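The residues making up each chain are set out below.
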Amino acid sequence: QVQLVESGGGLVQPGGSLRLSCAASGRIFSMYGMGWYRQAPGKQRESVATITSGGSTNYADSVKGRFTISRDNAKNTVRLQMNSLKPEDTAVYYCNADIGTDWIQRKDYWGQGTQVTVSS
């Protein structure tokens with residue numbers, strides 16, 4: 001069994017910063033791509049930032065230059081540093097990881113989500 005546990009969400013004023021963390025635990029044989037997604041009320045879940053096992057990153061246009069994704073392969077963690085936050089960044093943020101549990105089994109796992117609210 002694999003679990004992804006997120007932390008770091010909360011309420012912040014516009015222009016402020018937050019850092020989200022996600023730790024994977026359990027039967028992990030290998031870690032592949034990891035990423036952060038978000039879902040605002042009434043909207044579909046969207047990709048925010050992704051990072052490959054080799055460290056290549058990709059960002060949504062709306063967060064480029066403000067958000068930074070990073071990972072620690074030794075600790076099976078992924079982080080999202082969010083700066084210059086805007087009210088439109090308000091959403092539930094989900095961690096995602098592509099994990100192999102043995103030589104054959106490999107699937108996507110999701111965290112439970114953490115609320116980020118940007119408001120004055």
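Remember, predicted model here, so these are calculated numbers, not experimental data. (Residues numbered from 1 in each chain as written. Predicted model: local features only at pLDDT ≥ 70, side-chain atom pairs only at ≥ 80, totals over all residues. Heavy atoms only, no water.)

S.K.: Any chance you could break down the pattern of salt bridges for me, citing the residues and the numbers?
M.R.: By the definition in use, this model includes five salt bridges. Its salt-bridge partner being R38, residue E46 comes within 2.7 Å of it at the nearest N-O pair. Among the ionic pairs, D89 bridges to R38, the shortest N-O distance being 3.0 Å. Of the two residues, D89 is situated in the loop between β8 (77-82) and β9 (91-100) and R38 in strand β4 (residues 30-39); the sequence distance between them amounts to 51 residues. Through salt bridges that share partners, R38, E46, R66 and D89 make up one connected network. (Salt bridge = Lys/Arg side-chain N within 4 Å of Asp/Glu carboxyl O. Helix = DSSP H or I, 4+ residues; strand = E, 2+ residues; numbered from the N terminus.)

S.K.: Give me the lowdown on the nonpolar core, citing residues and values where you can.
M.R.: Within the largest apolar cluster, 31 residues are counted, with the highest numbers of intra-cluster contacts made by W36, L80, M82 and Y93. Elements represented by at least two residues in this core include exactly β1 (2-7), β3 (18-26), β4, β5 (46-51), β7 (67-72), β8, β9 and β11 (114-118). The greatest single-element share of this core, amounting to five residues, is contributed by β9. (Core = buried A, V, L, I, M, F, W, Y, C linked by side-chain atoms within 4.5 Å. Buried < 20%, exposed > 50% of the residue type's maximum accessible area, 1.4 Å probe, protein only.)

S.K.: Before we move on, could you go through the state of the cysteines and cite the residues and values that matter?
M.R.: Under the defined criterion, the tally for this structure stands at one disulfide. Paired through a disulfide, C22 and C95 show a sulfur-sulfur distance of 2.1 Å. Taking the sign of the S-S torsion, about -80° here, the bridge from C22 to C95 comes out left-handed. Of the two residues, C22 sits in strand β3 while C95 sits in strand β9, which places them 73 residues apart along the sequence. For the pair C22 and C95, one class covers both residues: buried. (Disulfide = S-S within 2.5 Å.)

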